[in-house]
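So you can see what is in the structure, the chains are spelled out below.
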Amino acid sequence: MRLTDDFDDKNDKSGLPVLYTAVAVIGFIVLVFCIVLATNQKGKSKGNQQLASTQMQQTEAEMTDEFVIGESTLTSDQLDFWNMYKDDEPVSDNTIARNELYEKNAQKLLEEELKKEQEEDLSEGGTKTMVVRPDGTEQWIMINSYLNKNTYQQAGFVYEEPVMKYFENGDKASYLGVDIDKENGKIDFNKLKKDGVDFVMVRIGYRGYESGRIAIDEEYFDNIQKANEAGLAVGVYFESQAISVEEALEEAEFVISNLVEMRVTYPVVFDLGLVSNDTSRIDNLPKTQLTEITNAFCERIKEVGYTPMVYGNKYWLLRKIDLTMLGDYDIWLAQSKDTPDYPYEFAMWQYASDGAVSGISGDVRMNISFIDYSQR
């Protein structure tokens, strides 16, 4: 069957929808391509930003590495904040004083520690003892193993200012005394007694260290009489400057003659010593001669029935006389110290020269005796 003309025209127009479809497809492809392209451009921009951020972080890290803590070459003087309070907030006087006191105490403790270590070393296990020369220098000397030793226990000494006491097995084993001369002025011996003083050592006389003349102490007779009346035990001492045995015997006879009818129960003491801050007659005498002089006086005193005693400080007793040649004479040690470190036996100890006691004005020389001579 043959189609009409109208039908043929319709067939000719049927290509148009296909064309439209093709155009739509191409448009869609172009649209997709544009979208993809735009997405890529956005990703590339973001990547660039990330790269730039990474590079910046690396740069910061590198800069940080250049200033690592502990590796800086800056000093405190180059940092302003160390000095920012100097003008506005000055250090107080109290803070400065505390710092100075701390440093002073620390230095003192260090010096004492060093001194203690040196003493322990220099004593060589207790076989040596230290003496101080008149010029202030120190000397360590050997302790003689044949002489009777100091057996007093340090723990037994109790100082209740101005009184020193010594205890053995819990019992007091010492007696309190003072030594006096005209320089102490008028003394109230009753007050001494009430204040706990047991004995007094009275200067009986002296020999001039320049003139060589013997003189009696101006207060001797008054002092010894009133001390006896107050019930105090009494001893005497003579300050010698004898330069020979003959002069020592002369001094002994002077003492004996002035003890007549005087009640003396404590020792008669020979005080031969150097003069402080001046020269004296005995300065250049050798040890052997000083020992002979001491022996001569003490032997004569012993012959007439009194108890002789030798007075001296540690230096004098250990360096200026020979103790091995003095027999068994009692020793009166002069040493201002908390506890005596004299290595040998002694019977009396002058522990202070600036003490105080009722009945005497001014400084007083304080003593303790380990023997009650009044009961002998």
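In what follows, the structure referred to is the one given above.
Residues numbered from 1 in each chain as written. Predicted model: local features only at pLDDT ≥ 70, side-chain atom pairs only at ≥ 80, totals over all residues. Heavy atoms only, no water.

**Overview of helix H7 (residues 287-303)**
Under the 1.5 Å per step criterion, the end-to-end length of H7 is 24 Å for 17 residues, consistent within 8% with the ideal 24 Å. Within H7, burial applies to Leu-290, Thr-291, Ile-293, Thr-294, Ala-296, Phe-297, Cys-298 and Ile-301. Considering only its buried residues, H7 is in contact with strand S9 (233-240), helix H6 (245-257), strand S10 (268-272), strand S11 (308-313) and helix H8 (314-320). Taken from the residues just after H7, Gly-305 is the one with a positive phi, measuring 100°. (Helix = DSSP H or I, 4+ residues; strand = E, 2+ residues; numbered from the N terminus. Expected span 1.5 Å × (residues − 1). Buried < 20%, exposed > 50% of the residue type's maximum accessible area, 1.4 Å probe, protein only. Contact = heavy atoms within 4.5 Å.)

**Remarks on the layout of surface pockets**
Taken as a whole, the largest pocket encloses approximately 1,200 Å³ of empty space. Lining the largest pocket are 41 residues, and of these Gly-273, Leu-274, Ser-276, Tyr-311 and Asn-313 lie nearest its centre. Looking at the lining of the largest pocket, the elements that each hand over two or more residues are strand S1 (128-132), strand S7 (199-207), S9, S10, S11, H8 and strand S12 (330-334). Residue composition of the lining of the largest pocket, by class: 15 nonpolar, eleven polar and 15 charged. Here the second largest pocket defines a volume of roughly 580 Å³. (1 Å grid on protein atoms, 1.4 Å probe; cavity = no way out; pocket = protein on both sides within 12 Å on 5 of 7 lines; lining within 4 Å. Points joined across faces, edges and corners; volume = space filled by probe spheres on them. Nonpolar A, V, L, I, M, F, W, Y, C, P; charged D, E, K, R; others polar.)

**Concerning the pairing of S7**
Of all nine residues that make up S7, eight are buried, and the element is covered over most of its length. Bridging between strand S6 (residues 175-180) and S7 involves four bridges; their strand directions are parallel. Across the sheet, residue Val-178 finds its bridge partner in S7, namely Val-200. Connecting the antiparallel pair S7 and strand S8 (residues 214-216) is a turn made up of six residues, with Gly-212 showing a positive phi of about 80°. (Pairing = 2+ DSSP bridges.)

**Some points on the packing of aromatic side chains**
Counted according to the given criterion, the structure contains 20 aromatic pairs. Between the aromatic rings of Phe-270 and Phe-297, the centroid separation amounts to 4.5 Å while the plane-to-plane angle is 25°, which identifies the pairing as stacked. Here the residue Phe-270 occupies a position in strand S10, and Phe-297 occupies one in helix H7, the gap between them amounting to 27 residues. This pair shows no difference in class: Phe-270 is buried, exactly as Phe-297 is. Each member of the aromatic cluster is reached from another via a ring pair, and the members are Tyr-152, Phe-157, Tyr-159, Tyr-166, Tyr-342, Tyr-344, Phe-346, Trp-349, Tyr-351 and Phe-370. (Phe/Tyr/Trp six-rings, centres within 6.5 Å; stacked < 30°, edge-to-face > 60°.)

**Structural notes on the sheet that holds strand S4 (residues 163-168)**
Taken together, three strands build an open sheet; the order of strands is S3-S4-S5 and the sheet is antiparallel. Edge positions in the open sheet fall to strand S3 (157-160) and strand S5 (171-172), since each of these has one partner strand only. Pairing between S4 and S5: two bridges, direction antiparallel. What sits directly across from Phe-167, in S5, is Lys-172.

**Description of the side chain of Glu-247**
Within the element layout of this structure, Glu-247 appears in helix H6. Only 3.0 Å separates the side chain of Glu-247 from the backbone nitrogen of Ile-243, close enough to count as a polar contact. (Polar contact = N/O pair within 3.5 Å; in protein donor to acceptor, adjacent residues only side chain to side chain.)

**Observations regarding helix H5 (residues 220-229)**
All buried positions along H5 are accounted for by Tyr-220, Asn-223, Ile-224 and Ala-227. One face of H5 carries all of its buried residues, which in axial projection span an arc of 90°. Those residues of H5 that are buried lie in contact with S6, helix H4 (189-194), S7, S8 and S9. Looking at the residues trailing H5, positive phi occurs at Gly-231, about 85°. (Arc of directions from axis to C-beta.)

**Quick look at the pairing of S1**
Bridging between S1 and strand S2 (residues 138-142) involves five bridges; their strand directions are antiparallel. The residue bridging Met-130 from the neighbouring strand is Trp-140, located in S2.

**Description of the pattern of salt bridges**
All told, the structure shown has 18 salt bridges when counted by the stated rule. The salt bridge partner of Glu-247 is Arg-281, with a shortest N-O separation of 2.9 Å. Of this pair, Glu-247 sits in helix H6 while Arg-281 sits in the loop between S10 and H7, and the two are 34 residues apart along the sequence. By relative accessible area, which is 24% here, Arg-281 ends up partly exposed. One network of salt bridges, in which partners are shared, links Arg-207, Glu-247, Glu-250, Glu-251 and Arg-281. (Salt bridge = Lys/Arg side-chain N within 4 Å of Asp/Glu carboxyl O.)

**So, the nonpolar core**
With 69 residues, the main nonpolar core has Leu-192 and Val-200 as its most contacted residues. Sorting elements by how many residues they give to this core places H7 first, with six residues. Setting aside anything within four residues of it in sequence, one finds Leu-192 in contact with Val-178, Ile-187, Val-197, Val-200, Leu-232, Val-357, Ser-358 and Ile-360. Counting 13 residues, the second largest nonpolar core, distinct from the first, contains Tyr-266, Val-269, Met-309 and Ala-334. (Core = buried A, V, L, I, M, F, W, Y, C linked by side-chain atoms within 4.5 Å.)

**Brief notes about the environment of Thr-294**
When you line up the elements, Thr-294 lands in helix H7. A residue is classified by how much of its surface remains accessible, and Thr-294, at 1% relative accessible area, is buried. With 22 residues separating them along the chain, Thr-294 and Leu-272 place their C-alpha atoms 7.6 Å apart. When sequence neighbours within four positions are dropped, the list of residues in contact with Thr-294 reads Phe-270, Leu-272, Val-310, Ile-321 and Leu-326.

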